[in-house]
Structure formats: structure tokens, C-alpha cells
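These are the residues of each chain, in order.
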Amino acid sequence: MPVRYKLKEFLFETIIRASGLASIIAVGLIFFFLLKEGTLLFQTQTLGDFLLGKKWYPISEPPGFGILPLILGSLLVTLGAAIISIPLGIACAVYIAEVAPPRIKEILKSGVELLAAIPSVVLGFIGIVTVVPWIKSTFDVPTGLTAFAGSFILAFMAMPTVVSIAEDALHSVPKIYKEGAYALGATQWQTIYRVVLPAAASGIVAAVMLGIGRVVGETMAVMMVTGNSASMPKGIFYPVRTLTATVAAEMGETVQGSDHYFSLFAIGIVLFVITFAVNMTADVFIHRRRK
Amino acid sequence: MSSPVIQTEGLSLFYGDFQALRNVNFTVMEKRITAIIGPSGCGKSTLLRVFNRMNDLVEGVQVSGKVLLDGQDIYAPETDLLALRKKVGMVFQRPNPFPISVYENILFGLRIHHLADKRRGELDRIVEESLKSVLLWDDLKDRLANIATNLSLERQQKLCVARLLVMRPEVLLMDEPCSALDPMATARVEELMQELKKNYTIVIVTHNMQQAARVSDDTGYMYLGELVEFGPTQKIFTTPRDKRTEEYITGRAG
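Note that the coordinates shown come from a computational prediction; the quantities given were computed from them, not determined experimentally.

**Some words on the overall build of chain A**
- Each helix and strand counted, chain A has twelve helices and two strands in total.
- For chain A, the α and β elements follow one another from N to C terminus as α-α-β-β-α-α-α-α-α-α-α-α-α-α.
- Oriented by its inertia axes, the alpha-carbon framework of chain A measures out at about 75 × 75 × 30 Å.
- The burial tally for chain A puts 40% of its 291 residues in the buried class.
- Across chain A, the fraction of contacts at a sequence separation of at least 24, relative to all contacts at a separation of at least 6, is 72%.

This is how it looks when you write it as C-alpha cells:
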């Protein structure tokens, strides 16, 4: 091979390899930076006080850096969103994949995609002006800015992910399974819940996990409607604050290099670990499905 | 002598504007194997799928004429479609056991027809009996909990037959049941068909003429949606009346 070609080959290979590695390097650097800043908190605080402490008073004297209320806030909002979006999302996916006539199917699919295109801040302010007053009057609570409002809004943010991935999983169930069920005298509903859903189970679990991953990491909408109260959550109809909202709300006002500053990074690590675990679980299920 | 189980009278079928079956008069006799042969696209699978109304799943399908099962018109409005499919089972070209355990595959039919709320021991007995009748029991008795889609294709196909038998059907429709199998497996499935003939009426669609000649008692030759010739297999293969049948049988057409 002439030297000219060899050089060209080498150049392209290097460029492509560098692009491929860039994303991994970026993740690595972000994680390293997060770890470096976050762990500095533990020069003054213990891990136990941080994760299990019930008091988040980062600028009081003496300060409290317990993020348990924030973890529980995130958990509560996520759980609520999951309870709303999982059945709704799966039912919607089943309808699109199995029941809807072709025209309605197309309309619904683009509708779901459109839902994904709404910026979270827009969902947030729609939540403030509609969902929040509705919760206040319907459930007779002092304020509508509650964990439930967050769950409600986030459910609609998780929906597009859940629906499109679950629909994909249902769609890829071989047609011969369905034919077999119908030929045995199964009704459409029996075919769906006895054959199609079990065959698509791992894809549906992946859809749910990715939807939850989206919810855990969401910041803006949830900050706008949950009331931002960093105390131990008392229930679904009380104001709460999530991990993400805390970082977003306080990062701008903290002194660089203070314990408060480090604690926000430490929260970042916690979030990173949670979303990583959720996405890994989803990945396991996606691969199981391909096998 | 046996009596007719399925009879069609002036049966025509359209997919939209396309006429797939033309005035077909076809008879299936009890406890015999009836083969339908013919070139690709001649309507043989369509005809088979008329008998359990699987064509209903296709959009824009229209059927005219009569299809009688035990003297009842299965296209009459009062027909119970689910009961019909329970009575007329179907085996497909690609083995299609469900991706659940062998055990649950066999009981699937009973469960969907709400006939399975019996004691565990009774269900075990049903599974054993049906696997024995398709000659699979010795192979699978220790693997009942395994996922059925991991079995060999031959076992999958036999399992698909076993899954039908638990519902005590009258007729078994087989749509090229051996086309995914190797010659040895094909021979064993054909052997099974002879065994099943004692208790069931079988209609088989096949593109393999030797198979039709080997297994069937009656044969119908179809061409372009028409039933060209129908009669005892022996006669169709040795002294066909119609020139088109003769050309196909001798390999000059199709």
C-alpha cells in the first residue's frame, strides 16, 4: 500500500477513535470532578449525617447537611409519578400497538412525541396555573404546591419515554404468537394480556425504568410546583423539595469552597448513583429482550 | 364409511378487489387426511384459513357461499367464533409456541376457555396425556418448566399440536407444518399425523407433492383460486382428469 493511503487510513482511524472516546472521557471527567468536590464535604461531615440527617439547614449556625428530607422528597415525587405514568403509559402503548386503527395510531404517536417536545419549564408553569389551584381546591389543602403536584406533572414528562419504548417492545412481538393465540380461540384481550404483554415484558420493564430515570433527574418543572420545603415530607399533599431542585435553587447563592458548596456536589453524586442504577437496570432488561 | 365434516358450497373470497377463491366446492371427510396442493398464491392457505375463520383478521376480506362444519354454516351471524376455533385447531408454517413454559403452553387453550380451574393433579394429567399423544412425553417430562421457544423446531411444532389436542378439537388444520423442519423431523411429524388420524379429521396444506401423496387420503389441487380437481389421493396422483392437475403433478407446471 502506498504511504499516502497508509497515512490517510491512520488519520481517519485516529479521528474516529478520538470521537468515540470523547463521550467516555467526558463522563469520566464529570464524574471525577463531582467526586473531587463532593467528597470534600466529608472533611467536616460524616457520610451517615449527610445521608441520614433530617435537617437541611446549610446556611444556619450551626449548619445541618442532612439530605434525608431531600431524598425522601425525590422518592415521594418519583413514586407518585411512577404510579400515575406506568399504568397510563403501558395502557397507551397497548392501545397504540394492538388496538388503535392505523389513522388514530399515527395521530397518537405524533401526539406522544409532541408531549416529549414540551420544554419542562412550560410544563412547570402550566402546572402552577392549573394543577396547583386544582389540587388546593379539590383536596382542601393549604397549598397546592405539593409532592402530588410534582408527581402529576412529572408523570406527563415520563409518559413519552414509557409509551414509545413500551410500544416498540409490543410492536416487535412476533405476529405468529398472536396468530397462534387467536387460532386457539383467544379473544383480543386474552391475546394481549396472556401472550403479547408477557412476550414484551422485559422491554416494558426497560421502558418503565427509563421513564423513572427521566423523573428522578428532572429539575425545573418539579422545582416550580412542589413548594420547595426542605423539611421531612409529611405526605403526598405537603410541600417537599427534591435533590435536583435543591442543587438548582442553591448553587447560585453559595460561596465557592464552603461546606454548603461541597454538599451540593455531594448531592450531585447521590443523584448520579441513583440515575446510573436505574439506567443500568433498564439496560439489563433491554439486553435480555434482545437475546 | 365416514361422513363429511366440512363442506363448502360455492365459496368465493375477496381480499379487497382481489378474488382469492373462486366458487370452491370442497369436502373434508371425517377421520381422514385431506391435502390441498397447488403452486404458491393459488389460494390453498386462504382456503384453509376459511375453516377456522382466521381470514377475519385480514382487513377488507369478504366471503360468499356456504361453509358447513357438521352441517352448520360457520359464516352465519350467530356463529360463536371462539367456540369454532376451539373446535377447529390450527398448526402454522412456523412453529409458534408462546414464550412461556411447556406446561403453560399446553394449558393455554384450557385457560382462555376457562376450562382449567381444576385441581393441580388433574392439570398434570392433562399435560402428560397430551404430550404422550404427540410422542413428546419422554423427551420433555423433565423439562415442563422450560421456556417452549428454546426447544428444537420439531419439538416446538409437536408442542403446537399438543396445545390443540387438550381442547378436544374435531378438525386439525395444518398449514405447511413441515416446511421449517428437516427431512427426518418431517418424517416423524408425518408419522404423528397418521397416529392422530385415528381420532381427528386433518386438513393439510402443502407445497410438497410427495408429502401429499405420502400422508393424505384425499387431495384437492388448486390453481388461481379455483379447486381444479378433488378426489382420492391415489387417483389424483395416478390418473388425474384435468390437464392442469396432470401438468402440476408431473412437474411441468407450477
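**Points about the overall build of chain B**
- Along chain B, the regular secondary structure elements total ten helices and eleven strands.
- Computed over the C-alpha atoms, the radius of gyration of chain B is 18 Å, within 12% of the 18 Å expected from 2.2 N^0.38 for a compact globule of 254 residues.
- For chain B, with 254 residues in total, the buried portion stands at 44%.
- When contacts within chain B are restricted to residue pairs at least 6 apart in sequence, those whose partners lie at least 24 apart make up 70%.

**Structural notes on the domain arrangement of chain A**
Residues and elements named next belong to chain A.
- You can read the domains of chain A as domain 1 (3-43) and domain 2 (52-290).
- Using C-alpha coordinates to define each centre, domain 1 is positioned 31 Å away from domain 2.
- Between domain 1 and domain 2, the residue contacts involve seven residues of the former and nine residues of the latter.
- Broken down by class, the residue content of the side of domain 1 that touches domain 2 amounts to five nonpolar, one polar and one charged.

**Observations regarding the nonpolar core**
- If you look at the biggest cluster of nonpolar residues, it comprises 135 residues, and the most contacted ones within it are Ile153(A), Leu154(A), Ala166(A) and Val203(B).
- In terms of residue count, helix H6 (residues 147-171) of chain A provides more of this core than any other element does, 17 residues in total.
- The contacts of Ala166(A), once residues within four sequence positions are left out, are Gly89(A), Ile90(A), Ala93(A), Gly203(A), Ile204(A) and Ala207(A).
- Formed by 13 residues, the second largest nonpolar core is a distinct cluster that contains Leu41(A), Trp56(A), Leu243(A) and Ala266(A).

**With respect to the packing of helix H3 (residues 68-99) of chain A against helix H9 (residues 201-217) of chain A**
All names here are of chain A.
- The interhelical angle for the contact between H3 and H9, taken along N-to-C directions, is 140°, at an axis separation of 10 Å. Put simply, H3 runs oblique to H9. Our pair here, H3 against H9, has a crossing hand that is right-handed. Two secondary-structure elements touch here, H3 through Ser74, Thr78, Ala81, Ala82, Ser85, Ile86, Gly89 and Ile90 and H9 through Ile204, Val208, Gly211, Ile212, Val215 and Val216.

**What to know about the interface of chain A and chain B**
- Each partner contributes to the interface: chain A provides 15 residues, whereas chain B provides 17 residues.
- Looking at the side of chain A that touches chain B, the elements that each hand over two or more residues are helix H7 (175-183) and helix H8 (188-199) of chain A.
- Here the element with the most residues in the side of chain A that touches chain B is H7(A); it accounts for six residues.

**Comments concerning the packing of helix H3 (residues 102-112) of chain B against helix H6 (residues 153-165) of chain B**
All names here are of chain B.
- In contact at an axis separation of 6 Å, H3 and H6 are set at 40° when each is read in the N-to-C sense. With respect to each other, H3 and H6 are oriented oblique. Crossing geometry of H3 relative to H6 is assigned as right-handed. Counted together, Val102, Asn105, Ile106, Phe108 and Gly109 of H3 and Leu159, Ala162 and Arg163 of H6 form the full contact between these two elements.
- A class-by-class count of the residues in the contact of H3 with H6 yields five nonpolar, two polar and one charged.

**Quick look at unusual backbone geometry**
- Glu61(A) connects to Pro62(A) through a cis peptide bond whose omega is 0°.
- By secondary structure assignment, the location of Pro62(A) is in the loop between strand E1 (56-57) and strand E2 (64-65).
- For Leu224(B), which is not glycine, the phi dihedral falls at a positive 50°.
- Tracing the backbone shows Leu224(B) in the loop between strand E10 (218-223) and strand E11 (226-232).

**Re the pairing of strand E5 (residues 61-69) of chain B**
Residues and elements named next belong to chain B.
- Across eight bridges, the pairing between strand E1 (residues 4-15) and E5 is antiparallel. Paired with Thr8 across the two strands is Val67, which belongs to E5.
- In this structure, E5 lies alongside strand E6 (residues 72-73), joined through two bridges in antiparallel fashion. Bridging across to E6, Leu69 finds its partner in Gln72.
- Between E5 and E6, which pair antiparallel in sequence order, lie two residues; one of them, Asp70, sits at a positive phi of approximately 50°.

**Points about helix H1 (residues 44-51) of chain B**
Residues and elements named next belong to chain B.
- Along H1, eight of the eight residues are buried, which leaves the element largely enclosed by surrounding structure.
- Turning to H1, its buried residues are Lys44, Ser45, Thr46, Leu47, Leu48, Arg49, Val50 and Phe51.
- Count one or two residues on from H1 and you reach Arg53, which has phi positive near 55°.

**A few points about the confidence of the model for chain A**
- Per-residue pLDDT for chain A has a mean of 91; in total, 99% of the residues score no lower than 70.
- Within chain A, the element-level pLDDT minimum falls on helix H12 (residues 259-290) of chain A, averaging 88, and the maximum on H3(A), averaging 95.

**Concerning H3(A)**
- In this model, H3(A) (32 residues) spans 44 Å end to end at C-alpha, consistent with the 46 Å of a helix rising 1.5 Å per residue.
- At Ser85(A), H3(A) shows its largest bend, some 30°, and a proline, Pro87(A), comes one to four positions later.

About the criteria used
- Residues numbered from 1 in each chain as written.
- Chains lettered and ligands numbered in written order.
- Predicted model: local features only at pLDDT ≥ 70, side-chain atom pairs only at ≥ 80, totals over all residues.
- Helix = DSSP H or I, 4+ residues; strand = E, 2+ residues; numbered from the N terminus.
- Buried ≥ 20, exposed ≤ 12 C-beta atoms within 10 Å, placed from the backbone.
- Contact = placed C-beta atoms within 7 Å.
- Rg over C-alpha atoms; globule rule 2.2 N^0.38 Å.
- Domains from an automatic or database assignment.
- Nonpolar A, V, L, I, M, F, W, Y, C, P; charged D, E, K, R; others polar.
- Core = buried A, V, L, I, M, F, W, Y, C linked by C-beta atoms within 7 Å.
- Axes fitted to C-alpha atoms, helices over the stretch in contact; angles between N-to-C directions.
- Parallel < 35°, antiparallel > 145°, perpendicular 65-115°, else oblique.
- Left-handed = near helix turned anticlockwise from the far one by under 90°.
- Pairing = 2+ DSSP bridges.
- pLDDT = per-residue confidence, 0-100.
- Expected span 1.5 Å × (residues − 1).
- Bend = angle between axes of the 7 residues up to and from the residue.

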